[in-house]
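# Examining the three-dimensional arrangement
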Amino acid sequence: DAGITQSPRHKVTETGTPVTLRCHQTENHRYMYWYRQDPGHGLRLIHYSYGVKDTDKGEVSDGYSVSRSKTEDFLLTLESATSSQTSVYFCAISDGGGDNQPQHFGDGTRLSIL
Amino acid sequence: AQSVTQPDIHITVSEGASLELRCNYSYGATPYLFWYVQSPGQGLQLLLKYFSGDTLVQGIKGFEAEFKRSQSSFNLRKPSVHWSDAAEYFCAVGARTNDYKLSFGAGTTVTVRA
């Protein structure tokens, strides 16, 4: 299994509070991604990173920010959580260096915002 | 823009019967195509991938998929399902020219009856 650790695995918080989710990898892969999973929508890309300090938006980036200060860590921050951000969040990594590198996923973080 | 459609939300199949899950994609260039499987409460596991070459690809757990460019399809098949194949299955499309970002279908839930 790819070395991806997401923390925390579960979190319950209140509307308006800041939340940070962490994704840690031990594979030294260049690309890291944050997705959210909601029923009927599959997975949707929030933000991704193509290198240290290099990030870009995905299709559902509003209300989220990310940071990547070192290769192994990719942080997702909800500055002021809303109930619509209740979801399961997945981190994925990819080497992207060749044309045969799929994304591998972490086990997810279940976030509930009350 | 790239997109994926999985027409079947839920499929029920008898153990030992064959299974086919449909996936249609939209992308202007040559896509990378993937099938992932997710068991309840778990992350996504890669079943198989298509990057180029032979249009019939073999994956893990006895699954295979066929890329048909003329139909923009990448259907997943298994000749004989086992009770452990009950899960949710996601088709995804990506491209090297798009930073390997993936677009996912909404998923197909497979129920296996004895």
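Here is what the cut-offs are and how they apply
- Residues numbered from 1 in each chain as written.
- Chains lettered and ligands numbered in written order.
- Predicted model: local features only at pLDDT ≥ 70, side-chain atom pairs only at ≥ 80, totals over all residues.
- Heavy atoms only, no water.
- Disulfide = S-S within 2.5 Å.
- Helix = DSSP H or I, 4+ residues; strand = E, 2+ residues; numbered from the N terminus.
- Buried < 20%, exposed > 50% of the residue type's maximum accessible area, 1.4 Å probe, protein only.
- Contact = heavy atoms within 4.5 Å.
- Buried area = accessible area lost by both parts, 1.4 Å probe.
- Salt bridge = Lys/Arg side-chain N within 4 Å of Asp/Glu carboxyl O.
- Pairing = 2+ DSSP bridges.
- Axes fitted to C-alpha atoms, helices over the stretch in contact; angles between N-to-C directions.
- Phe/Tyr/Trp six-rings, centres within 6.5 Å; stacked < 30°, edge-to-face > 60°.
- Core = buried A, V, L, I, M, F, W, Y, C linked by side-chain atoms within 4.5 Å.

Counted under the stated rule, the structure contains 2 disulfides over all chains. Put simply, Cys23(A) and Cys91(A) are joined by a disulfide, and their sulfur atoms are 1.9 Å apart. Around the S-S axis, the bridge from Cys23(A) to Cys91(A) shows a dihedral of about -70° and counts as left-handed. Of the two residues, Cys23(A) sits in strand S3 (residues 19-25) while Cys91(A) sits in strand S9 (residues 87-94), which places them 68 residues apart along the sequence. Of the residues examined, Cys23(A) reaches a relative accessible area of 0% and is grouped as buried. By relative accessible area, Cys91(A) is classed as buried at 0%. A disulfide bridge connects Cys23(B) with Cys91(B), and the sulfur atoms are separated by 1.9 Å. Because the torsion about its S-S bond is -65°, the bridge between Cys23(B) and Cys91(B) counts as left-handed. With Cys23(B) in the loop between strand S3 (19-21) and strand S4 (24-26) and Cys91(B) in strand S10 (residues 87-94), this pair connects stretches of sequence that are 68 residues apart. Relative accessible area serves as the criterion here: at 0%, Cys91(B) is assigned to the buried category.

Attention shifts here to the interface of chain A and chain B. Across the contact, 23 residues belong to chain A and 21 residues belong to chain B. Between chain A and chain B, roughly 1800 Å² of surface is buried when both sides are summed, and carbon and sulfur atoms account for 54% of that area. Between chain A and chain B we count 0 salt bridges in total. Those elements giving two or more residues to the side of chain A that touches chain B turn out to be strand S4 (31-38) and strand S5 (42-51) of chain A. By residue number, the principal contributor to the side of chain A that touches chain B is S5(A), which donates 5 residues.

All names here are of chain A. Here 4 strands make up an open sheet; going across it, the order is S1-S3-S8-S7 and the pairing antiparallel. The open sheet terminates on both sides in strands that have one partner only, identified here as strand S1 (4-7) and strand S7 (64-70). Across the sheet, the axes of successive neighbouring strands diverge by a mean angle of 20°, strand direction being ignored. Bridge count between S1 and S3: 4 bridges; the pairing is antiparallel. Bridged to serine 7 within S3 is arginine 22.

What follows deals with the pairing of S3(A). All names here are of chain A. Only one face of S3 is covered, namely the face carrying Val19, Leu21, Cys23 and Gln25; the face carrying Thr20, Arg22 and His24 is uncovered. For S3 and strand S8 (residues 73-78), the ladder comprises 6 bridges, and the chain directions are antiparallel. Note that in S8 the partner of arginine 22 across the bridge is leucine 75.

Moving on, we come to the packing of aromatic side chains. Residues and elements named next belong to chain B. Evaluation of the coordinates by the stated rule reveals 18 aromatic pairs over all chains. Taking 6.4 Å as the distance between ring centres and 50° as the angle between the ring planes, the aromatic pair formed by tyrosine 50 and phenylalanine 74 counts as tilted. In this pair, tyrosine 50 is assigned in strand S6 (residues 44-50) and phenylalanine 74 in strand S9 (residues 73-78), connecting sequence segments 24 residues apart. What makes tyrosine 50 buried here is its relative accessible area of 5%.

So, on to the nonpolar core. Judged by nonpolar contacts, the single largest core of 26 residues is most densely connected at Trp35(B), Leu48(B), Phe74(B), Leu76(B) and Tyr89(B). When residues of this core are traced back to their parent elements, those giving at least two are strand S2 (10-14), S3, strand S5 (32-38), S6, strand S8 (64-68), S9, S10 and strand S12 (108-113) of chain B. It is S10(B) that provides the largest number of residues to this core, a total of 4 residues. Each residue touching Leu48(B), except ones within four places of it in the same chain, is listed here: Leu33(B), Phe34(B), Trp35(B), Val57(B), Gln58(B), Gly59(B), Phe63(B), Glu64(B), Ala65(B), Phe74(B) and Leu76(B). Core analysis: the next-biggest nonpolar cluster, separate from the first, contains 21 residues, Tyr31(A), Tyr32(B), Tyr36(B) and Phe90(B) among them.

Right, let's talk about the pattern of salt bridges for a bit. In this structure the tally under the stated criterion is 8 salt bridges over all chains. A salt bridge links Glu64(B) to Arg77(B), with the shortest nitrogen-to-oxygen separation between them at 3.3 Å. Of this pair, Glu64(B) sits in strand S8 while Arg77(B) sits in strand S9; the two residues are 13 residues apart in sequence, bridging distant segments of the chain. Under the relative-accessibility criterion, Arg77(B) is labelled partly exposed at 24%. The shortest N-O distance in the salt bridge between Glu66(B) and Arg77(B) comes to 3.5 Å. Residue Glu66(B) is located in strand S8, and its partner Arg77(B) is located in strand S9; the two are separated by 11 residues in the primary sequence. Residue Glu66(B) is classed as partly exposed on the basis of its relative accessible area, which comes to 24%. Several salt bridges converge on common partners, so that one network encompasses Arg22(A), Lys70(A) and Asp73(A).

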